[in-house]
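# A closer look at the structure
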Amino acid sequence: DTVTACAFHPVEGSERAITTSVDSTVKVWNTKYGNCVATLKGHSASINGCAFSQTGDLIYTASSDNTVREWESSAPFKCLSIIIGHYAPVQAVVFATSGKHLFSISEDRTLRAWLKFPLESEPGPNTPAARVGSQPFSVTSPNGRFTDWFQWQQVALFASAHPLRCLAGSNAEEEEEVSCGASDG
């Protein structure tokens, strides 16, 4: 199927890349040998954009199912969270250079800034469902000794008069800068 986006692992010498497709899958590639090492499934529509976290340990995907997903970038390649809040297909996702904020743009004419907050403890059974952001999710240490809980929350929303199509983060070390382009040029 048609490839819609690609991203290379940010750590030099990592030999990994990701591609997204209209068939709603993400493929993780070994760039040294050219083979696909994993196919990630979970989105229900075309995936339009992708990015690695600053350290490369996480993958983010933007989809026409109006969500952004966060995945582990190594086996077992689990989907950690589903970020909701856009009301139309999400076109692109990028992590700020500082590694703090995740940005997404959508055909709903918004650029949204997201921040992952640590939770003090496991959420209780009566925790309300998130309307914007993500449900609380856990990340277990590789040795299985401890589990941390997190939740994505929207921290900024910028509206445009036109649907947004492309997104890029700055290279500044301290600044949280992004630029985006609209469909009208």
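Look above for the structure.
The structure contained in this document is the topic of the report that follows. As the structure is a prediction and not an experimental result, all values here were calculated from the model.

### Let's talk about the pattern of salt bridges
On inspection of all chains with the given rule, the structure shows two salt bridges. A salt bridge links E70 to K116; the shortest N-O distance between them is 2.7 Å. One end of the pair, E70, is in strand β7 (residues 68–72); the other, K116, is in strand β11 (residues 110–119), and 46 residues separate them in sequence. By relative accessible area, K116 is classed as partly exposed at 24%. R112 is paired through a salt bridge with D108; the nearest N and O atoms lie 3.6 Å apart. Exposure class is identical for R112 and D108. Each is buried.

### Things to note about the nonpolar core
Ranked by internal contacts, the top residues of the largest apolar core, which has 15 residues, are Y60, V68, I83, V93, L102 and W152. If you list the elements that add at least two residues to this core, you get β6 (58–63), β8 (79–83), β9 (90–95) and β13 (147–159). Grouped together as the second largest cluster of nonpolar side chains are 13 residues, V28, I47, I59 and F77 included.

### Quick word on the layout of surface pockets
Here the largest pocket defines a volume of roughly 300 Å³. What lines the largest pocket is a set of 14 residues, among which L58, E72, L80, V139 and T140 lie closest to the centre. Of the residues assigned to the lining of the largest pocket, the class counts are six nonpolar, four polar and four charged. Listed by contribution, the elements that provide at least two residues to the lining of the second largest pocket are β1 (3–8), β5 (47–52) and β9. Classifying every residue of the lining of the second largest pocket gives 10 nonpolar, three polar and no charged.

### So, unusual backbone geometry
Among all residues except glycine, the phi angle is most often negative; among peptide bonds, the trans geometry is most common. Omega for the peptide link from A75 to P76 comes to 15 degrees, which places this bond in the cis form. Relative to the elements of secondary structure, P76 occurs in the loop between β7 and β8. Here the phi dihedral of N66 falls at roughly 75 degrees; this positive angle occurs in a residue that is not glycine. Within the secondary structure, N66 is located in the loop between β6 and β7. Take N66: its relative accessible area is 23%, and that puts it in the partly exposed class. Of note in the backbone geometry, F77 takes a positive phi value of approximately 55 degrees without being a glycine. Turning to its location among the elements, F77 is positioned in the loop between β7 and β8. Taking the relative accessible area as the measure of exposure, F77 reaches 13% and is therefore buried.

### Let's talk about the environment of H9
When you line up the elements, H9 lands in the loop between β1 and β2 (16–21). Relative accessible area serves as the criterion here: at 18%, H9 is assigned to the buried category. Sequence separation between H9 and S53 is 44 residues, and the spatial gap between their C-alpha atoms is 8.7 Å. Every residue in contact with H9, bar those within four places of it in the chain, is listed here: S14, R16, F52, T55 and G56. Here the side chain of H9 touches V11 through a polar contact of 3.1 Å, landing on its backbone nitrogen. Here G56 takes part through its backbone oxygen, which lies 3.1 Å from a polar atom of the side chain of H9.

### Digging into the packing of aromatic side chains
Taken as a whole, this structure holds two aromatic pairs when the rule is applied. Centre to centre, the rings of Y60 and F95 are 5.2 Å apart; their planes meet at 50 degrees, and the pair counts as tilted. Of this pair, Y60 sits in strand β6 while F95 is found in strand β9, placing the two residues 35 residues apart along the sequence. Here Y60 and F95 have matching classes, each one buried. Centre to centre, the rings of Y60 and W152 are 6.0 Å apart; their planes meet at 90 degrees, and the pair counts as edge-to-face. Here the residue Y60 occupies a position in strand β6, and W152 occupies one in strand β13, the gap between them amounting to 92 residues. Accessibility classification places Y60 together with W152 in one group, the buried group. What links up through ring pairs into an aromatic cluster is the set Y60, F95 and W152. The ring centre of F150 lies 5.4 Å from the NZ or CZ of K116, which sits over that ring.

Cut-off values and rules
- By convention here, each chain's residues receive numbers from 1 onward along its written sequence.
- Local features in a predicted model are, by the rule used here, given only for residues with pLDDT of at least 70; side-chain atom pairs are given and counted only at 80 or more, and totals for whole chains, interfaces and linings are based on all residues.
- Just so you know, side-chain values use all the structure's heavy atoms and leave hydrogens and water out.
- For this analysis, a salt bridge means a side-chain nitrogen from Lys or Arg found within 4 Å of a carboxyl oxygen belonging to Asp or Glu.
- A helix here means a DSSP run of H or I that spans at least four residues, while a strand means a run of E at least two residues long, and both kinds are numbered starting from the N terminus.
- Only protein chains enter the area calculation, which uses a 1.4 Å probe; residues under 20% of their type maximum are buried, those over 50% are exposed, and those in between are partly exposed.
- The set of buried Ala, Val, Leu, Ile, Met, Phe, Trp, Tyr and Cys residues whose side-chain atoms join them within 4.5 Å is what this entry labels a nonpolar core.
- Within this scheme a cavity is a closed region of a 1 Å grid, computed over the protein atoms alone, that accommodates a 1.4 Å probe without allowing it to escape, whereas a pocket is open but has protein on both sides within 12 Å along at least five of seven lines; lining residues each have an atom within 4 Å of a point.
- Grid points are joined across faces, edges and corners, and a volume is the space filled by probe spheres set on the points.
- As a working rule, the residues Ala, Val, Leu, Ile, Met, Phe, Trp, Tyr, Cys and Pro are called nonpolar, Asp, Glu, Lys and Arg charged, and the rest polar, with Gly in that last group.
- Pairs of residues are marked as contacts when any of their non-hydrogen atoms sit within 4.5 Å.
- Polar contacts, as used here, are pairs of N or O atoms within 3.5 Å; protein pairs need one atom able to donate a hydrogen and one able to accept it. Residues neighboring in sequence count only if both atoms are side-chain atoms.
- Each aromatic pair joins two rings of Phe, Tyr and Trp (for Trp, the six-membered one) with centres within 6.5 Å, and gets the label stacked for planes under 30 degrees apart, edge-to-face for over 60, and tilted for any other angle.
- Two thresholds decide whether a charge sits over a ring: the Lys NZ or Arg CZ must be within 6 Å of the ring centre and within 35 degrees of the ring normal.

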